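# Geometric and topological summary
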Amino acid sequence: MKKILVILALVLPMMASAQKYGHVNTAELFQLMPELKDVTARLDSLNKQYEALLVNMQEEYQKKAQEYEQKASTMTDAMKQIQEEELYTMQQRLQTTYQTAQQDIAQKRQEFVAPIQEKMLKAIQAVGQEKGFTYIFDTAAMVYVDPTATDVMADVKAKLGIK
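Residues numbered from 1 in each chain as written. Predicted model: local features only at pLDDT ≥ 70, side-chain atom pairs only at ≥ 80, totals over all residues. Heavy atoms only, no water.

### Describing the sheet that holds strand 3 (residues 150-151)
Backbone-to-backbone hydrogen bonds join strands into a sheet, with any given pair of strands oriented parallel or antiparallel. Pairing is parallel across the open sheet formed by three strands, whose spatial order is 2-1-3. The open sheet has two edge strands with one neighbour each: strand 2 (135-138) and strand 3. Where strand 1 (residues 21-24) meets strand 2, four bridges bridge the pair, whose relative direction is parallel. Following the sheet pairing, Val24 is matched in strand 2 by Asp138. (Pairing = 2+ DSSP bridges. Helix = DSSP H or I, 4+ residues; strand = E, 2+ residues; numbered from the N terminus.)

### Remarks on the packing of aromatic side chains
How two aromatic rings sit relative to each other is given by the distance of their centres and the angle of their planes. Per the stated rule, a full pass over the model turns up three aromatic pairs. Relative to Phe137, the ring of Tyr135 lies with its centre 5.8 Å away and its plane at 25 degrees, an arrangement referred to as stacked. The exposure class of Tyr135 is partly exposed, given its relative accessible area of 45%. Through pairs of rings, three or more aromatic residues link up here, namely Tyr21, Tyr135 and Phe137. (Phe/Tyr/Trp six-rings, centres within 6.5 Å; stacked < 30°, edge-to-face > 60°. Buried < 20%, exposed > 50% of the residue type's maximum accessible area, 1.4 Å probe, protein only.)

### Topic: helix 5 (residues 153-160)
Among the residues of helix 5, Met153, Val156 and Leu160 are the ones counted as buried. Projected down its long axis, helix 5 shows its buried positions confined to an angular sector of 70 degrees, all on one face. Exposed positions of helix 5 whose direction lies more than 90 degrees from the buried face are Ala154 and Ala158. Where helix 5 is buried, its residues touch strand 1, helix 2 (26-32), helix 4 (77-131) and strand 3. (Arc of directions from axis to C-beta. Contact = heavy atoms within 4.5 Å.)

### Considerations on the pairing of strand 1
As paired elements, strand 1 and strand 3 share two bridges and run parallel to each other. Each residue of the ladder has a partner; that of Gly22, found in strand 3, is Thr150.

Structure follows, in structure tokens:
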């Protein structure tokens, strides 16, 4: 039993020192991805389309509301009710369109970003395997990084073809 403990005491530190740890800042790496420019342009275009639609709807609503205010004093109660219901419906449609736009833009962002993130992850995994790392940590979410850990950012950038 003593021999086993002595052997373990000698072997465990050697096993621990054989492990290689690396780190990479995925947030910084993501910003360097060339595909991000295309994604940003596509999302900006979609956002502008929704903005134009919402501006038109808002202008139409305001025009209708002004007409109502100008003519309300000469309308019958039944006409007022019809106009108010129409304004309410327009307002609801405007709110629904805004919410739909936000959801669609978020969905498209995820759809466009997912392949970039996957490509980044595969490059990090490839560097880890090629260089023999036991772990590669993401420093974007870490408070402290041991200075003896290897920064693999340059290797991952090279793997991705980023200068």
